[in-house]
Amino acid sequence: SSGSAGTSGTRFDLEKETELRFEVEAGERAQLELLSGLAEVFGSELNRNKKYTFGPGSKIAVFTWQGCSVSLSGKTEVAYISKDTPMLLYLNTHAALEQMRRQAEKENERGPRVMVVGPTDVGKSTVCRVLLNYAVRLGRRPTLVELDVGQSSVSVPGTMSALCIERPADVEEGFSVQAPLVFHFGSTTPGTNIKLYNKLTSSLAEVFSQRCEVNRRASVGGCIINTCGWVKGSGYQALVHCASAFQVDVVLVLDQERLYNELKRDLPHFVRVVLLPKSGGVVERSKDCRRESRDEKIREYFYGFRGTSFYPHAFDVRFSDVRIYKIGAPSIPDSCLPLGMSQDDTQLKLVPVSPGRDLTHHVLSVSSVDDDAEVGAGQSRGILESPVCGFIVVTAVDTQAQVMTVLSPAPRPLPRHTLLIMDIRFIDLK
Ligand code: ADP
């Protein structure tokens, strides 16, 4: 960027097993260059003499196992070297998982299924990224299962997904997202519809297990599951459910001893529950900060990431050409439920949405379900279990003409006609 052009940057010399931590100021960018030695960012190796650019608000750690020199330029809020990092413990964790993969290979078994848990802002996503990077750098093909509906690293917020990792994460952009399996959840907290959350967790586990049966490398690679920071009440129950659905072998608990003890008590004895410290570098993010990064994720979906620009399309969709649903009816007292119906049924029920002005700015998932699939009497008939093939945003609604204008990554027509509404809104300022 022009702001930092010409500034030569500050040189940092790092001893082995230390890291340079920095945060990029809001609205600014920072540039990083490896001058000598070896270094990595969250498990992805840096190339020498290449300038890496980090966008506004990025929080980065450049770690070195051997020692290195780097140059940092641009507007950073903080930039300091820390000798106190848990990376050696994370590397040991990786080594133990790799041991399990080797064992699996030898004995024709499946590789480790790992669930990473802990409260918000303890570095769960970062630990997942490091472990996946180390595995793929050894030639493994692990799967990332993303259950954090607030801050998904794979798709837009409000989704639950799985992604086969085939190469290390790009230092600037993260994992390349080709052909992920994405399910519609519809909101940024599991608590909005815990039944649906658990059901989709089971669906992902089923698809992953099926893939492992036909793909030996996926089976040996195992999976790393990133979870939500909600670790109490139903949030905790959702973790226990996930452990059982995926038949996890290892649970990595970041930072919270109480959670560690609870999981040790409640999970079967053959599950290895490990307590790991969080990194002192992990920065707590404010509500605003989280909202901004959710917004950014949606903007990226439509407009691309710095390097690669996408050009989304705007077109009109007739109400009569689509069917829009919300998943989950508002819960009603047990005593008022129709005979033979349970609360589960209401949470998983498809509720038809009649398009109106209040649809404006909502994100809608385009379901891959067959257009002819019959949807009777509020029954889901496969819609819940069908992955999503894309997302659109409603930018305007004309009730008179019975049409809505949508923002879409692809030109008209929509690939499918079943749309699922999210609680999440996106205001397109472009
Ligand atoms: P969680 O998934 O638990 O919410 P994240 O892994 O997303 O936490 O980490 C929160 C933020 O801290 C992210 O912006 C991440 O880039 C940053 N971060 C993680 N580890 C470090 C570190 N060692 N130094 C600096 N920033 C870090």
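Now for a look at the structure at hand. (Residues numbered from 1 in each chain as written. Predicted model: local features only at pLDDT ≥ 70, side-chain atom pairs only at ≥ 80, totals over all residues. Heavy atoms only, no water.)

### Brief notes about the site of the ligand
Neighbouring residues of the ligand: 17 residues in total, closest Glu19, Lys59, Ser125, Thr126 and Arg285. Between the ligand and Asp121 there is a distance of 3.2 Å, counted from an oxygen atom to a backbone nitrogen or oxygen. Against a free-state accessible area of 560 Å², the protein chains account for coverage of 89% of the ligand. Mapped by element, the contributors of at least two residues to the shell around the ligand are β2 (18–24), β7 (59–64) and α2 (124–137). Here the residues of the shell around the ligand sort into six nonpolar, five polar and six charged. (Near = heavy atom within 4 Å. Polar contact = N/O pair within 3.5 Å; in protein donor to acceptor, adjacent residues only side chain to side chain. Areas by Shrake-Rupley, 256 points an atom, 1.4 Å probe, with all protein chains shown as cover. Helix = DSSP H or I, 4+ residues; strand = E, 2+ residues; numbered from the N terminus. Nonpolar A, V, L, I, M, F, W, Y, C, P; charged D, E, K, R; others polar.)

### Some remarks on the sheet that holds strand β25 (residues 418–425)
Strand order across the open sheet formed by seven strands is β19-β24-β23-β22-β25-β20-β21, with mixed pairing between neighbours. Taken across any chain shown, the strands that pair with only one partner, and hence form the sheet edges, are β19 (313–318) and β21 (350–352). Ignoring which end each strand starts from, the neighbouring axes of this sheet average 40 degrees apart. With six bridges joining them, β19 and strand β24 (residues 403–408) adopt antiparallel strand pairing. Opposite Val317, over in β24, you have Met404 as the bridge partner. Sitting on the sheet, helix α7 (residues 287–303) touches β22 (362–367), β23 (388–398), β24 and β25, and the angle it makes with β23 is about 100 degrees. (Pairing = 2+ DSSP bridges. Axes fitted to C-alpha atoms, helices over the stretch in contact; angles between N-to-C directions. Contact = heavy atoms within 4.5 Å.)

### A short note on the sheet that holds strand β15 (residues 250–254)
With mixed pairing, the seven strands of this open sheet are ordered in space as β13-β12-β11-β14-β10-β15-β16. The outermost strands of the open sheet, each flanked by one partner alone, are β13 (181–184) and β16 (272–276). Between one strand axis and the next, the sheet turns by 15 degrees as a mean value, whatever way the strands run. As paired strands, strand β11 (residues 143–146) and strand β14 (residues 223–226) are joined by four bridges and run parallel to one another. Following the sheet pairing, Thr143 is matched in β14 by Cys223.

### Structural notes on the side chain of Ser365
Here Ser365 shows up in strand β22. For Ser365, the side chain forms a polar contact with the side chain of His184, separated by 2.7 Å. Residues in contact with Ser365, not counting those within four places in the same chain, are His184, Val388, Gly390, Phe391, Thr418, Leu419, Leu420 and Met422.

### Considerations on the packing of aromatic side chains
Summed over the entire model, instances satisfying the criterion amount to seven aromatic pairs. Ring centres of Phe208 and Phe246 lie 6.4 Å apart, and the angle between their planes is 40 degrees; on these two criteria the pair is classed as tilted. Of this pair, Phe208 sits in helix α3 (residues 194–214) while Phe246 is found in the loop between α5 (233–245) and β15, placing the two residues 38 residues apart along the sequence. Judged by its relative accessible area of 4%, Phe208 falls in the buried class. On the accessibility criterion, Phe246 (0% relative accessible area) is buried. With centroids separated by 5.3 Å and ring planes inclined at 80 degrees, the aromatic side chains of Tyr301 and Phe391 adopt a geometry described as edge-to-face. Highlighted residues: Tyr301 in helix α7 and Phe391 in strand β23, separated in sequence by 90 residues. A residue is classified by how much of its surface remains accessible, and Tyr301, at 23% relative accessible area, is partly exposed. For Phe391, a relative accessible area of 4% corresponds to the buried category. (Phe/Tyr/Trp six-rings, centres within 6.5 Å; stacked < 30°, edge-to-face > 60°. Buried < 20%, exposed > 50% of the residue type's maximum accessible area, 1.4 Å probe, protein only.)

### Quick notes on the pairing of β15
Extensive coverage of β15 is indicated by the burial of five of its five residues. The two faces of β15 match: Val250, Leu252 and Leu254 on one face and Val251 and Val253 on the other face are all buried. With four bridges joining them, strand β10 (residues 113–117) and β15 adopt parallel strand pairing. Across the sheet, Met115 pairs through a bridge with Val251, a residue of β15. Across five bridges, the pairing between β15 and β16 is parallel.

### Brief notes about the state of the cysteines
In this structure the tally under the stated criterion is zero disulfides. Looking at Cys212, it has no disulfide partner, and the nearest cysteine sulfur is the one in Cys223, 7.4 Å off. The exposure class assigned to Cys212 is buried, which follows from its relative accessible area of 10%. The closest cysteine sulfur to the non-disulfide-bonded Cys242 is located on Cys223, 8.1 Å from its own sulfur. (Disulfide = S-S within 2.5 Å.)

Don't take any of this as a statement about function, it's just geometry.
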